[in-house]
Amino acid sequence: MKPVRILLTGFEPFGGETVNPALEAVKLVRAPEDVQLNTLAVPVSFRDAIPTAAAVIRAKKPDVVLLIGQAGGRPEITVERVAINLMDAVNPDNDGFAPRDLPILRDGPAAYFSTLPVREITDALNLEGIPARLSCTAGTYVCNQLMYGVLHILKEEFPCAAGGFIHVPYLPEQAARLNKGLPSMSLDLIVRGIEATLQVAADRILSLKENT
């Protein structure tokens, strides 16, 4: 059987930070057995995030697209259920753009749900001793925009592929620098969480292939 093709993306630093735990973790993730893994750094840009991911999706034709972003202030890995058709930025992106009350896709659906097994992923992380929970909001910043855009592309062009998004906390060094009592998670634990997520996603795809 052919390996499961997975595209794993992580956002570049933003908001004055010099590091983004999402991208740092993506750099260290090891592919599970029977997985062909491609990784991608995505700009924190309302203009460029979706086109950057779309180009690689169309070139690599992955079975799974897993998007990783930072959610500073959250104490655990959060597995996102849904992306909404809204851009509403309190702070500007890395291009200095801060859209307010704008749709991501004019005439697009109000929302797209993750097509990953989100509860199974959350349960698997917790069983591994990695704090995780389901989340019903990916925000209204570039993370949500990318999730929405990628799920739209998969639905329209690659309907057999699965896609979704997980948010990760600050790294300890970020929380220490901000000095606001914010929660954090070690890079090693974040990497383990992503690897466990990839394993669940790959197992689901392999199971589907075996039954078709």
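Described below are features of the structure shown in this document.

## Details of the sheet that holds strand β1 (residues 4–11)
Strand order in the open sheet formed by six strands is β2-β1-β3-β8-β4-β7, and the pairing between neighbours is mixed. Here the strands that pair on one side only, and so sit at the sheet edges, are β2 (35–42) and β7 (132–135). The mean inter-strand angle of the sheet, taken between neighbouring strand axes irrespective of direction, is 25°. One ladder, built from five bridges, connects β1 with strand β3 (residues 64–70); its direction is parallel. Note on β3: the bridge partner recorded for L8 is L66.

## What about helix α1 (residues 21–28)?
Those residues of α1 lying buried are P21, A22, L23, A25 and V26. Among the structural elements, β1, β2, β3, β8 (162–168), α5 (172–178) and α6 (187–210) are those in contact with the buried residues of α1. Between the side-chain oxygen of the N-cap and the backbone nitrogen of A22 there are 2.9 Å, and the N-cap of α1 in question is N20.

## Topic: the packing of aromatic side chains
Counted according to the given criterion, the structure contains five aromatic pairs. Centroid distance F14 to Y141: 5.8 Å. Interplanar angle 40°. Geometry classified as tilted. Here F14 is found in the loop between β1 and α1, whereas its partner Y141 is found in the loop between β7 and α4 (142–157), with 127 residues between them in sequence. Relative accessible area serves as the criterion here: at 18%, F14 is assigned to the buried category. Taking 6.0 Å as the distance between ring centres and 90° as the angle between the ring planes, the aromatic pair formed by F46 and F97 counts as edge-to-face. With F46 in the loop between β2 and α2 (49–60) and F97 in the loop between β5 (82–84) and β6 (111–113), this pair connects stretches of sequence that are 51 residues apart. A residue is classified by how much of its surface remains accessible, and F46, at 6% relative accessible area, is buried. Among the aromatic residues, ring-to-ring pairing joins F14, F46, F97 and Y141 into one connected group.

Reading the values: rules and limits
- Residues numbered from 1 in each chain as written.
- Predicted model: local features only at pLDDT ≥ 70, side-chain atom pairs only at ≥ 80, totals over all residues.
- Heavy atoms only, no water.
- Pairing = 2+ DSSP bridges.
- Helix = DSSP H or I, 4+ residues; strand = E, 2+ residues; numbered from the N terminus.
- Axes fitted to C-alpha atoms, helices over the stretch in contact; angles between N-to-C directions.
- Buried < 20%, exposed > 50% of the residue type's maximum accessible area, 1.4 Å probe, protein only.
- Contact = heavy atoms within 4.5 Å.
- Polar contact = N/O pair within 3.5 Å; in protein donor to acceptor, adjacent residues only side chain to side chain.
- Phe/Tyr/Trp six-rings, centres within 6.5 Å; stacked < 30°, edge-to-face > 60°.

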